[in-house]
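So the chains spell out like this:
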Amino acid sequence: MKITFICLSSALVGFALGSTAFGGEYDKAPIVDPECAVPFYGSLSMGYDSSYLFRGGRYGDHAPWAGLDLNYDVSDNLTWNIGTWYINPTDGPFVVNDELDVYSYAYFSMFGLDAALGGTWFYFPEDGGDAGEVNLALTKSIGNLFDFTFDYVYDITFEGHYFGYYLDKTIPLANCLDLNLGTGISHANDNYNFDVLAGDHIYVQAGLTFHLTESADFSTYILGNFPYSGLEDAGEEDDVYGGASISVSF
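Criteria and thresholds
- Residues numbered from 1 in each chain as written.
- Predicted model: local features only at pLDDT ≥ 70, side-chain atom pairs only at ≥ 80, totals over all residues.
- Heavy atoms only, no water.
- Helix = DSSP H or I, 4+ residues; strand = E, 2+ residues; numbered from the N terminus.
- Buried < 20%, exposed > 50% of the residue type's maximum accessible area, 1.4 Å probe, protein only.
- Contact = heavy atoms within 4.5 Å.
- Areas by Shrake-Rupley, 256 points an atom, 1.4 Å probe, with all protein chains shown as cover.
- Polar contact = N/O pair within 3.5 Å; in protein donor to acceptor, adjacent residues only side chain to side chain.
- Pairing = 2+ DSSP bridges.

**Student:** Help me understand the overall build of the protein chain in this model?
**Tutor:** Scanning the protein chain from N- to C-terminus turns up two helices and twelve strands. For the protein chain, the sequential pattern of α-helices and β-strands runs α-β-β-β-β-β-β-β-β-β-β-β-α-β. Within the protein chain, the proportion of its 250 residues that are buried is 36%. Looking at the protein chain alone, contacts between residues at least 24 apart form 47% of all its contacts between residues at least 6 apart. Accessible surface computed for the protein chain: about 14000 Å², of which carbon and sulfur atoms make up 63%.

**Student:** Where do I start with the environment of His 201 in this structure?
**Tutor:** Secondary-structure assignment places His 201 in strand β10 (residues 201–211). Sequence separation of His 201 and Pro 227 is 26 residues, and the distance between their C-alpha atoms is 4.0 Å. Those residues in contact with His 201 that sit more than four places away from it in its chain are Arg 55, Gly 56, Tyr 162, Gly 184, Ile 185, Ser 186, Asn 225, Phe 226, Pro 227, Tyr 228 and Leu 231. In this structure the side chain of His 201 is engaged in a polar contact, spanning 2.8 Å, whose partner is the side chain of Asn 225.

**Student:** Honestly, the pairing of strand β8 (residues 160–174) in this entry has me stumped. Any pointers?
**Tutor:** The two faces of the sheet receive side chains in turn, since in a regular strand these alternate between them. Both strand β7 (residues 146–155) and β8 contribute to a ladder of nine bridges, which runs antiparallel. What sits directly across from Tyr 154, in β8, is His 161. Two successive antiparallel strands, β7 and β8, enclose a turn made up of four residues, where Glu 159 displays a positive phi of approximately 55°. Both β8 and strand β9 (residues 177–188) contribute to a ladder of twelve bridges, which runs antiparallel. Paired with Pro 172 across the strands is Asp 178, a residue of β9. What sits between β8 and β9 in their antiparallel hairpin is a turn of two residues.

Here's what the structure looks like:
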């Protein structure tokens, strides 16, 4: 598993940097026949997290992951999003050995808010189980200061409710470098399974995004996680996490 992710990541880096590493005839983008162009756009991402942290809960350590995200513009105000994401923590303590997510969302604007409505199906190949949830997220840009997001999740399996409140800010530092800042707090009701699904926590996060080419980004982050209430009672402790990823858009 580790070898597979390392090889694929190396291949992506080589592909992303190839357009700038060679000159002459290779620095020209190929001409695409409009009839051959696909009607969607998206990104392919791969990365590594020091721990798989999900809504404040530590699911496992040394976790490589990969994801494919696709978008289709149905209209000027409606985008259909679909994607898949896989992560495999390689060191314990394990809550899940590995996880495959398949999700679908509708993105649209209403009342001056950017909305996302959809859901995710979770499958655990090694454990043989699955789960599902539905999700509504509303985002509002507050001037040029930050973006505020309200996040609501209903877990179908445990019939539990999760609420998140997040602030995010991206600050350009240079032509090819951004500083990403974020903080948030969340809480969940008693039906939400704190041992598996996590819930009550506060976090602060900072990261850098390097724009390697017009379509490739390399990102790093560090995050402080501070559980409280039910999640703290379940044994989750304050800690610091980090990771890195590369993403190629198309």
